[in-house]
Amino acid sequence: AQSVTQLDSQVPVFEEAPVELRCNYSSSVSVYLFWYVQYPNQGLQLLLKYLSGSTLVKGINGFEAEFNKSQTSFHLRKPSVHISDTAEYFCAVSRNSGNTPLVFGKGTRLSVIA
Amino acid sequence: ETGVTQSPTHLIKTRGQQVTLRCSSQSGHNTVSWYQQALGQGPQFIFQYYREEENGRGNFPPRFSGLQFPNYSSELNVNALELDDSALYLCASSPRTATNYGYTFGSGTRLTVV
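Residues numbered from 1 in each chain as written. Chains lettered and ligands numbered in written order. Predicted model: local features only at pLDDT ≥ 70, side-chain atom pairs only at ≥ 80, totals over all residues. Heavy atoms only, no water.

Residue and element names in this part refer to chain A. You can see Gln2 is positioned in the segment before strand E1 (3-6). According to the relative accessible area criterion, Gln2 is buried, its value standing at 16%. At a separation of 3.4 Å, a polar atom in the side chain of Gln2 contacts the side chain of Ser27. Those residues within four positions of Gln2 in sequence are excluded, and the remaining contacts are Ser26, Ser27, Val29, Val31, Val93, Arg95 and Val103. (Helix = DSSP H or I, 4+ residues; strand = E, 2+ residues; numbered from the N terminus. Buried < 20%, exposed > 50% of the residue type's maximum accessible area, 1.4 Å probe, protein only. Polar contact = N/O pair within 3.5 Å; in protein donor to acceptor, adjacent residues only side chain to side chain. Contact = heavy atoms within 4.5 Å.)

Here it is in structure tokens:
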């Protein structure tokens, strides 16, 4: 089975500062990795995903993430955040074969301070 | 191209009652998954439907059941509601059953059981 640990439940950061949201996963098989964002009272929106190939993945809204197999990590980064990035961010993992559901972490609340 | 739509957006039920939540999948998507997101938690997989058949199930009791219709829309039914069933229920659709095709999430139905 797969599991995800998001190491920070809340991350406050000043506007235009860089941010890193940390995600570690556990799996005995190869995986796909995802980051989703959830704005208040909304569903989940896919930011980016790692399926294979280059370990640096670029997503929407200026976010990127790096897959590190040896560290079993998939940290999300943005060089300069905006007020509009305030939201809940979820890391998710699934097996990389067949039909397997997403397993989510508990989420990290990013609060951007003006 | 319409996204995933869920109805109703909010509802309140009494313990012991039954509830039906509805989901219309994105155009061209034939697979629907349901997730439960309790307050302060990440989404948890309930089950998935593909071609009107249940195609995978998470750790939820049989009182959680579902249907998928020929037009790929779906229902989630919960019988004998318990207080712990209070959560945001998210529907996600995808064009295939394999995870790498990506899921599109709806905005969810907020269920409160009193």
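The structure having been displayed, the exposition proceeds.
Next up on the list: the state of the cysteines. Working definition of a disulfide: a covalent bond connecting the sulfur atoms of two cysteines. The final tally for this structure, using the stated rule, is two disulfides over all chains. Two residues, Cys23 of chain A and Cys91 of chain A, share a disulfide whose sulfurs are 2.0 Å apart. Here the disulfide of Cys23 of chain A and Cys91 of chain A is left-handed, its torsion about the S-S bond being about -65°. Of this pair, Cys23 of chain A sits in strand E4 (residues 23-26) while Cys91 of chain A sits in strand E10 (residues 87-95), placing them 68 residues apart in sequence. Exposure remark for Cys91 of chain A: the relative accessible area of 0% places this residue in the buried category. A sulfur-sulfur distance of 1.9 Å marks the disulfide that ties Cys23 of chain B to Cys91 of chain B. The sign of the -65° torsion about the S-S bond sets the Cys23 of chain B-Cys91 of chain B disulfide as left-handed. Here Cys23 of chain B is found in strand E3 (residues 19-24), whereas its partner Cys91 of chain B is found in strand E9 (residues 87-94), with 68 residues between them in sequence. When sorted by exposure, Cys23 of chain B lands in the same class as Cys91 of chain B, which is buried. (Disulfide = S-S within 2.5 Å.)

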